[in-house]
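The chain contents come next:
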Amino acid sequence: MNIILLSGGSGKRLWPLSNDARSKQFLKVLENNNSELCSMVQRVWNQLGNVNLQESTTIATSKSQVDIIQNQLGANIPLVIEPMRRDTFPAIALAATYLYSIKGVSLNEIVTVLPVDPFVDDSFFYRIKDLENVLTETKANLALIGVKPTFPSEKYGYIIPRREKDNDLYYNVSHFKEKPDTEIAKELILNNALWNCGVFAFKLDFIINKLIEMGFPIQFDELLKQYNLLPQNSFDFEVVEKENKIVALPYIGEWKDLGTWNTLTEEMTNEVLGKGIVSGDCENTHLVNELDIPVAILGVSNAVVAASPDGILISDKGASPRVKELVSSFIQRPMYEERRWGWYQVLDHTKFPDGKEVLTKKIGVTAGKNLSYQLHHKRSEVWTIIDGEGEFALDDKIIRVKPGDVLYIPLGSKHGIKATTELQFIEVQSGSDLVEEDIKRIFMTWEEVEKNCTVRK
């Protein structure tokens, strides 16, 4: 069985921690078995390893999430990178052609697609393994996993069976109902409906043949060129709702979508993350603080307070799902990002009347990692090393750097840095158009830099 993990979204339901560069699945607010903070994607990746599915897993994602995935999971994770965001059907189609034409997966191989952020225990992933046998036994074109509902939720879609039960293993699927009101949900549950948790399994040839029918290439490189022509639809709408031969496996166990602050805080083991305090008379109140200033909460119950470089949220937990709509008008660059080499935080951004801009960042580089050897056409930079040691390359010469060193990088100069220990520096950019796209990368690895530069003691 091959697994496709879908990692998408740029949502603001967990604003201000989630932004266009850091979706909910990358927030480190959960605890792993070692009592260390981890993200949803790290949790799911480890669970796949627990059931021996990690080696056959590929992550389908957008260009904007590549660095943070590599930062959290490692540089060697197999990735299928969408050239643009076009919903789940194009992402799954592209990943299918990657499995077929690049990895050489057999057309008879079972492929299972699942989101990257379900909150489940390991038994859920063992249930995923059962999809292979059910597809083979039933000759169905699609097999789904449906969660046995624990309450009549209005937040989830429902899988409706054709009749009460076909056998002990699976249901034949009649149709679907998307986010019904509570009364309808109660009726559906009485008729053995299941929550649709976004897990699909099929033989690889099912999707490959569908692409052929639609007139699209089945070679990965060719489909990549025509990606913008694929229907911008969800896999549910484009494929699942049009298919007649579908079976669903019921899953009885813990399953949650931690997509809002009220559901996410239910799974946090500590009421305070970061610098701050919640008074003893607060009940069911959580604080998540990524800032260096303390936050105090006094006498406020059933609330969430979240603070990050992107903003501050103070919300009643019941109202917190509405945060996306409330802040949808906020337009600003992400103030915090994780990269393959570490992280950065925007400290200040000033635009002057004459068009000049100054952007100040605090940058952290993980020991042993490096920024690419690069140049900029529209800005100069000044770096001030504040912690740690490293090697700094400027116009083909490498020097060692330490706290207190100030490094001047003129416009158009080639430059890069490698951390020999955990390294932090302040970067001040000055120019006319301070955007991430103003980067011409020359070398990505430090080995390439060393081969092409002179080292000075």
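Use the structure listed above.
None of these values were measured; they are calculated from a predicted model.

Draft legend 1. Region of interest: the overall build of the protein chain. Assigned secondary structure in the protein chain consists of 11 helices and 31 strands. For the protein chain, the C-alpha radius of gyration of 25 Å lies close to 23 Å, the compact-globule estimate for 457 residues. Judged by the C-alpha coordinates and their principal axes, the protein chain covers about 75 × 60 × 45 Å. Across the 457 residues that make up the protein chain, the buried fraction comes to 50%. For the protein chain, restricting intrachain contacts to residue pairs at least 6 apart in sequence, the fraction spanning at least 24 positions comes to 66%. When the accessible area of the protein chain is evaluated, it comes to approximately 21300 Å², of which 49% is carbon and sulfur surface. Side chains of the protein chain carry 51 positive and 63 negative charges; the gap between the two charge centres is 4 Å.

Draft legend 2. Structural view of the packing of aromatic side chains. As enumerated under the stated definition, the model contains 15 aromatic pairs in all. Consider the rings of Phe 151 and Trp 195, whose centres lie 5.3 Å apart with planes at 75°: the pair is edge-to-face. Of this pair, Phe 151 sits in the loop between strand E8 (142-147) and strand E9 (157-161) while Trp 195 sits in strand E11 (residues 194-203); the two residues are 44 residues apart in sequence, bridging distant segments of the chain. What makes Phe 151 partly exposed here is its relative accessible area of 41%. Considering the side-chain rings of Tyr 156 and Trp 255, the 5.0 Å spacing of their centres and the 65° angle between planes classify their relative orientation as edge-to-face. In this pair, Tyr 156 sits in the loop between E8 and E9 while Trp 255 sits in strand E13 (residues 255-257), placing the two residues 99 residues apart along the sequence. The burial state of Tyr 156 is the same as that of Trp 255; both residues are buried. What links up through ring pairs into an aromatic cluster is the set Phe 151, Tyr 156, Trp 195 and Trp 255.

Draft legend 3. Seen up close, the sheet that holds strand E29 (residues 423-431). Read across the open sheet, the 6 strands follow the order E20-E21-E22-E29-E24-E27; overall the sheet is antiparallel. The open sheet has two edge strands with one neighbour each: strand E20 (336-339) and strand E27 (406-409). Neighbour-to-neighbour, the strand axes of the sheet open up by a mean angle of 20°, direction not taken into account. With 8 bridges joining them, strand E24 (residues 379-387) and E29 adopt antiparallel strand pairing. The partner of Trp 383 across the bridge, within E29, is Glu 427. Along the sheet face, helix H2 (residues 66-73) touches E20 and strand E21 (342-351) and points at about 65° away from the line of E20.

Procedures and definitions
Residues numbered from 1 in each chain as written. Predicted model: local features only at pLDDT ≥ 70, side-chain atom pairs only at ≥ 80, totals over all residues. Heavy atoms only, no water. Helix = DSSP H or I, 4+ residues; strand = E, 2+ residues; numbered from the N terminus. Rg over C-alpha atoms; globule rule 2.2 N^0.38 Å. Buried < 20%, exposed > 50% of the residue type's maximum accessible area, 1.4 Å probe, protein only. Contact = heavy atoms within 4.5 Å. Areas by Shrake-Rupley, 256 points an atom, 1.4 Å probe, with all protein chains shown as cover. Lys, Arg positive; Asp, Glu negative; His and termini not counted. Charge placed at Lys NZ, Arg CZ, Asp CG, Glu CD. Phe/Tyr/Trp six-rings, centres within 6.5 Å; stacked < 30°, edge-to-face > 60°. Pairing = 2+ DSSP bridges. Axes fitted to C-alpha atoms, helices over the stretch in contact; angles between N-to-C directions.

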